[in-house]
Amino acid sequence: MPSSNLIWRGGGLASAAAGFLLLLGHLLDLGGNSEYGTVLGGSLVLAAHVVLVFGLVALYAAQVEQSGLLGGLGMVLSVVGTTLVSGVVLVEIAGASGAGVENVLEAGLPGALALLGGLAFLIGLILFGAATMRAGVFPRWAGLLLIVGDVVFGLGSFAGSAATIFEIVGALTTCVALVRLGLSLLSGNAASAGKPTRVS
């Protein structure tokens, strides 16, 4: 199997898995007794963010020529953001298990990194979704859903007691986008002789 096919298939699996893990993790967090959710839910969300790094890189590689600077910037911000968010999720898992982590996410350098990670991830996915829509390698509606899911999820930070609803709707929308993008890579339609082509 050529290395490009391995990248497409591995990236496709990573993208689809990230979508499912993100949604399942947030659904499991609904049963949590603390503001940090559940240990299992948090662990699945952490796995989603780790796997998403590979999915984003493969999705970018499949449309690198068509997505231009916007796609590159979106991919870099998304990867940096999801890496920093992974650290935040680790702290939340500790909080869900009963450890006192309130001060870790609210003050000093850790608090600043948590904020910057969230913003980088939010802005990066919006740019990446826009670049995906513009490139036309993957279904444009999947890029749009990536943007919508990301924005809805971000709005949850300002939704107060309704934050959980925003998180679930955002996770579901993002899941659909990532699964569709992953299936495009897995189908092999995103690569022809190692070069990206249009996927319907």
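Residues numbered from 1 in each chain as written. Predicted model: local features only at pLDDT ≥ 70, side-chain atom pairs only at ≥ 80, totals over all residues. Heavy atoms only, no water.

Asker: Now, about a nonpolar patch on the surface: what can you tell me, with residues and values included?
Answerer: A contiguous nonpolar surface patch, about 250 Å² in accessible area, is contributed by Leu-24, Leu-28 and Leu-40. Examined against the element boundaries, Leu-24 turns out to sit in helix 1 (residues 3–28). The exposure class assigned to Leu-24 is partly exposed, which follows from its relative accessible area of 42%. (Patch = residues over 30% accessible without salt bridge, like charges linked within 9 Å, V, L, I, M, F, W, Y side chains within 5 Å. Areas by Shrake-Rupley, 256 points an atom, 1.4 Å probe, with all protein chains shown as cover. Salt bridge = Lys/Arg side-chain N within 4 Å of Asp/Glu carboxyl O. Helix = DSSP H or I, 4+ residues; strand = E, 2+ residues; numbered from the N terminus. Buried < 20%, exposed > 50% of the residue type's maximum accessible area, 1.4 Å probe, protein only.)

Asker: Pulling in residues and values, what's your account of the confidence of the model for the chain?
Answerer: Low-confidence regions, as indicated by low pLDDT, have predicted coordinates that should not be scrutinised in detail. Averaged over all residues, the pLDDT of the chain is 84; the fraction at 70 or higher stands at 86%. Confidence, read as mean pLDDT per element, is least for helix 4 (residues 102–106) in the chain (67) and greatest for helix 6 (residues 140–155) (94). In the predicted structure, residues 191–200 sits below a pLDDT of 50 and forms 30 contacts with residues beyond four places in sequence or in another chain. (pLDDT = per-residue confidence, 0-100. Contact = heavy atoms within 4.5 Å.)

Asker: Explain the packing of helix 2 (residues 39–62) against helix 5 (residues 108–135) to me, using residue names and the numbers behind them.
Answerer: At a minimum axis separation of 13 Å, helix 2 and helix 5 run at an interaxial angle of 30°. Here helix 5 runs roughly parallel to helix 2, going by the angle between their axes. Where helix 2 crosses over helix 5, the handedness of that crossing is left-handed. Along the contact surface, helix 2 presents His-49, Leu-52, Leu-56, Leu-59 and Tyr-60, while helix 5 presents Phe-121, Leu-125 and Phe-128. (Axes fitted to C-alpha atoms, helices over the stretch in contact; angles between N-to-C directions. Parallel < 35°, antiparallel > 145°, perpendicular 65-115°, else oblique. Left-handed = near helix turned anticlockwise from the far one by under 90°.)

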